[in-house]
Amino acid sequence: MRAKYLTTTPLQTKKLGEILAKEVLKTKLKKRALIIGLEGDLGGGKTTFLQGFAKGLGIKEKILSPTFIIMKKFSIINYQVSTKVEKKKIFFDSQFSNFYHIDCYRISRPKEILGLGFKEIISNPKNIITIEWADRIDKILPAETIIINFELINQKTRKITIGFKNDS
Ligand code: ADP
Ligand code: MG
């Protein structure tokens, strides 16, 4: 199953990221980290989406296009999530602790990312890992990775498709 969205402003793309982050925070921890791969056009909105996503995780620091940095780690501190149970809002602490922003734009072989301790990072269930240009390290990403594709339709319009790696 794939979900498709069209956005016509950067703010809409950020909002979509924020909504996904809030959903992710509600999920139970799995055996491994929760991984989201972002693929598609340059200027497609991957970094913009992650700015909204980080906001949804309660991260106050700025999310930049990490042109010279391959990997940046942020803490998810005491973040409370709300959900509705029988029409009442209840709050609980999210189980996730760390948010990673990785950019594989300047990576040509998966080996380069493995050298940064990638195996260890994906084995921690408390990590949420987002990877721009994830297709460059496709070989080492598990089947349950969420893949989001960004297509530049015109100057303002982006087509954003959300699915799982094993959909394709
Ligand atoms: P990427 O990380 O995929 O290369 P960025 O998020 O860095 O893309 O850049 C997207 C650029 O496109 C930004 O300059 C942003 O202002 C612009 N933009 C215009 N319309 C949109 C939209 N609907 N969604 C996201 N970005 C948009
Ligand atoms: Mg980017």
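Our subject is the structure that appears above.
Residues numbered from 1 in each chain as written. Chains lettered and ligands numbered in written order. Predicted model: local features only at pLDDT ≥ 70, side-chain atom pairs only at ≥ 80, totals over all residues. Heavy atoms only, no water.

S.K.: What am I meant to see in the coordination of the magnesium ion (ligand 2) here?
M.R.: Four donors placed tetrahedrally around a metal ideally meet at 109.5 degrees, and six donors placed octahedrally ideally meet at 90 or 180 degrees. Only Thr47 (OG1) and Glu132 (OE) from the protein coordinate the magnesium ion (ligand 2), and they sit 2.2 Å from it. Taken as a pair, Thr47 in helix H2 (residues 46–56) and Glu132 in strand E7 (residues 127–132) lie far apart in primary sequence, 85 residues in all. Relative accessible area serves as the criterion here: at 13%, Thr47 is assigned to the buried category. (Donors = N, O, S within 2.8 Å, 3.2 Å for Na, K, Ca; no water. Helix = DSSP H or I, 4+ residues; strand = E, 2+ residues; numbered from the N terminus. Buried < 20%, exposed > 50% of the residue type's maximum accessible area, 1.4 Å probe, protein only.)

S.K.: I tried to follow the sheet that holds strand E1 (residues 3–7) on my own but got confused; where do I start?
M.R.: In a beta sheet, neighbouring strands are held together by backbone hydrogen bonds and run either parallel or antiparallel to one another. Across the sheet, which stays open at both edges, the seven strands sit in the order E1-E9-E8-E2-E7-E6-E3 with mixed pairing between neighbours. Of all the strands in the sheet, the pair left with one neighbour each is E1 and strand E3 (71–75). Direction aside, neighbouring strands of the sheet carry axes that sit 15 degrees apart on average. Looking at chain direction, strand E2 (residues 34–40) and E7 are connected through five bridges and run parallel. Within E7, the residue paired with Ile35 across the bridge is Ile129. Its contacts with the sheet put helix H1 (residues 10–26) on E1, E2, E7, strand E8 (146–152) and strand E9 (158–164), and the angle it makes with E1 is roughly 145 degrees. (Pairing = 2+ DSSP bridges. Axes fitted to C-alpha atoms, helices over the stretch in contact; angles between N-to-C directions. Contact = heavy atoms within 4.5 Å.)

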